[in-house]
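Descriptive analysis of the structure
Here are the chains, one letter per residue:
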Amino acid sequence: MYFRTMQARKVLPNVLTMGNLISGVLVIIGLAVWPFGAEMNEFHGADISETGALAQQWKGSGMLMLAIIWAFGQLCDLFDGLAARWAKVDGAMGVQLDSMADLVSSGVTPAVAGIIFLHTWAPALPTAVKFLPLTMVLAAAWRLARFNVEVNQSGQAKGFSGLPAPAGALWWIGILLIGAQYQHGGSFGLYGTGGVMVVMLSILIGSTLIPLLMISRIPLMDMKGWKGDQNYDRKRVIWLALMVIVGIIVAISARAWGLGLQAALLLYVLGGKFIRPALNH
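Position numbers for residues start from 1 in each chain and track the written sequence from start to end. The predicted origin of the model limits local features to residues at a pLDDT of at least 70 and limits the giving and counting of side-chain atom pairs to 80 or more, whereas totals for whole chains, interfaces and linings rest on all residues. Only hydrogens and water are removed before side-chain values are computed, so all heavy atoms of the structure are retained for them.

Attention shifts here to the pattern of salt bridges. One speaks of a salt bridge when a side-chain nitrogen belonging to Lys or Arg is within 4 Å of a carboxyl oxygen belonging to Asp or Glu. Across all of its chains, the model carries 1 salt bridge by this definition. Ionic pairing is found between Arg236 and Asp233, a salt bridge with its closest N-O pair at 2.6 Å. Of this pair, Arg236 and Asp233 both sit in helix H10 (residues 230-254), 3 residues apart, roughly one helical turn. By relative accessible area, Arg236 is classed as buried at 0%. A relative accessible area of 10% places Asp233 in the buried class. Helical segments are the DSSP runs of H or I of at least four residues, strand segments are the runs of E of at least two, and each set is numbered from the N terminus. We call a residue buried when its accessible area falls under 20% of the maximum for its residue type, exposed when it is over 50%, and partly exposed in between, using a 1.4 Å probe and counting protein chains only.

Looking now at helix H11 (residues 257-274). Since one α-helical turn is 3.6 residues long, residues separated by three or four positions face the same way. Each helix should span, by expectation, one fewer than its residue count multiplied by 1.5 Å. Taking 1.5 Å per residue as the helical rise, H11 with its 18 residues ought to reach 26 Å, and the 26 Å between its terminal C-alpha atoms agrees with that figure. All of the buried residues in H11 are Gly258, Gly260, Gln262, Ala263, Ala264, Leu265, Leu267, Tyr268, Val269, Gly271 and Gly272.

What follows is about the side chain of Asp102. Along the chain, Asp102 turns up in helix H4 (residues 92-121). Polar contacts, as counted here, are pairs of nitrogen or oxygen atoms within 3.5 Å of one another; within protein the pair requires one atom able to donate a hydrogen and one able to accept it, and residues that are adjacent in sequence qualify only if both atoms are side-chain atoms. Side-chain polar atoms of Asp102 contact the side chain of Asn20, separated by 2.9 Å. Should any heavy atoms of two residues lie within 4.5 Å, those residues are counted as being in contact. Excluding anything up to four places from it in sequence, Asp102 contacts Asn20, Asp77, Gly107, Leu144 and Pro166.

This part takes up the nonpolar core. One recurring pattern in soluble globular proteins: nonpolar side chains tend to sit buried together. By nonpolar core we mean a set of buried residues, namely Ala, Val, Leu, Ile, Met, Phe, Trp, Tyr and Cys, connected to one another through side-chain atoms within 4.5 Å. One finds Leu31, Phe117, Leu163, Leu176, Ile203, Met214 and Tyr268 to be the most contacted residues of the largest nonpolar core, which totals 48 residues. Element by element, the count of residues in this core is highest for helix H7 (residues 165-183), at 12 residues. Not counting the four nearest positions on each side in its chain, Leu176 is found in contact with Leu31, Met63, Leu66, Ala67, Trp70 and Phe117.

Two joining distances apply to patches: 9 Å for like charges and 5 Å for nonpolar side chains (Val, Leu, Ile, Met, Phe, Trp, Tyr), and every residue must have over 30% relative accessible area and no salt bridge. Shrake-Rupley sampling with a 1.4 Å probe provides the accessible areas, and residues are treated as covered by the protein chains on show and by no other component. Taken together, the side chains of Ile22, Val25, Leu26, Ile29 and Val33 make up a nonpolar region of the molecular surface, amounting to roughly 380 Å² of accessible area. The topology assignment puts Val33 in helix H1 (residues 2-33).

Direction vectors running N to C along H7 and H11 enclose 160°, while the axes themselves pass 7 Å from each other. What the angle tells us is that H7 and H11 run roughly antiparallel. Regarding H7 and H11, the two cross each other, and that crossing is left-handed. On H11, the residues touching Ala167, Leu170, Trp171, Ile173, Gly174, Ile175, Leu177, Ile178 and Gln181 of H7 are Trp257, Gly258, Leu259, Leu261, Gln262, Leu265 and Leu266. Each axis is a line fitted through C-alpha atoms, taken for helices only over the stretch in contact, and angles between the N-to-C directions span 0 to 180 degrees. Throughout, the term roughly parallel applies to angles under 35 degrees, roughly antiparallel to angles over 145, roughly perpendicular to angles from 65 to 115, and oblique to all others. In this scheme the handedness of a crossing depends on how the near helix is turned from the far one: anticlockwise by less than a right angle means left-handed, clockwise means right-handed.

Checked against the element boundaries, Gln262 lands in helix H11. On the accessibility criterion, Gln262 (3% relative accessible area) is buried.

A few words now on the confidence of the model for the chain. Confidence of the predictor at the level of single residues is captured by pLDDT, which takes values from 0 to 100. In the predicted model, the chain carries a mean pLDDT of 80, and 74% of its residues have values of at least 70. Contacts from residues 37-54, a stretch scored under 50 in pLDDT, to residues over four places away or in other chains number 19 contacts. Confidence over residues 187-191 falls short of pLDDT 50; this stretch has 15 contacts with residues more than four positions distant or in other chains.

Within the secondary structure layout, Lys273 lies in helix H11. It is 7.9 Å that separates the C-alpha atoms of Lys273 and Leu220, two residues lying 53 residues apart in sequence.

Positioned with a positive phi, Arg255 is a non-glycine residue whose angle comes to about 55°. The exposed category is assigned to Arg255, whose relative accessible area is 52%.

Below you can see the structure in the form of structure tokens.
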């Protein structure tokens, strides 16, 4: 019994890492097939053009489900490192698996999502512009490779240098949530041209500013190494609480939870100016 328990403990971190990987793949498949693919040409036996608002709500429901799957993958990514340290199996293999999973869920998935969104919602844009979200996969690959090299050279340290790839994924999950609400026909306060403009602006930021932050050297706080530096821990708790409060206020005010998530993420970036860990990686 003890042996089986120990084996389960060793397997758990990799299971969580694979959950992150699979979530990214499922979102890509979902966006290609449902709600934007050929499978949506029929809706309960009727052509989409004949179903009107009902088909739009069906799209919104599908996008909301994909956002939940994607967010679940990010939770797996958050806990796989904790599980590895708990099971005392964190090592080089886990680091590489984690990076490969992040490259898919935080690089490839945002790029594919952005390209599909632009082709669907802004067909008049030049073709080159529609592929601008590819910057996310380039930035994620660079950010993850740099992280692995520098960790191997200097060991684990406090804080991040540049926006972590999973944080970049959170921005795009916010876009998916905004898009879901937009597809629901404004039931959350986004409708008509205004809703499209909000989504387009979020995609533009997600294709330019977010990738630049990922490859930058801006110091940012992490969620690791608690109880080692009380002053740093206290600052992190205060800032996290502020992020939650601001995110909720923005979400309620704009009636769009995706915007609340993005506001909290931008505040996280600003926190790097005020919360300086003793050592960055």
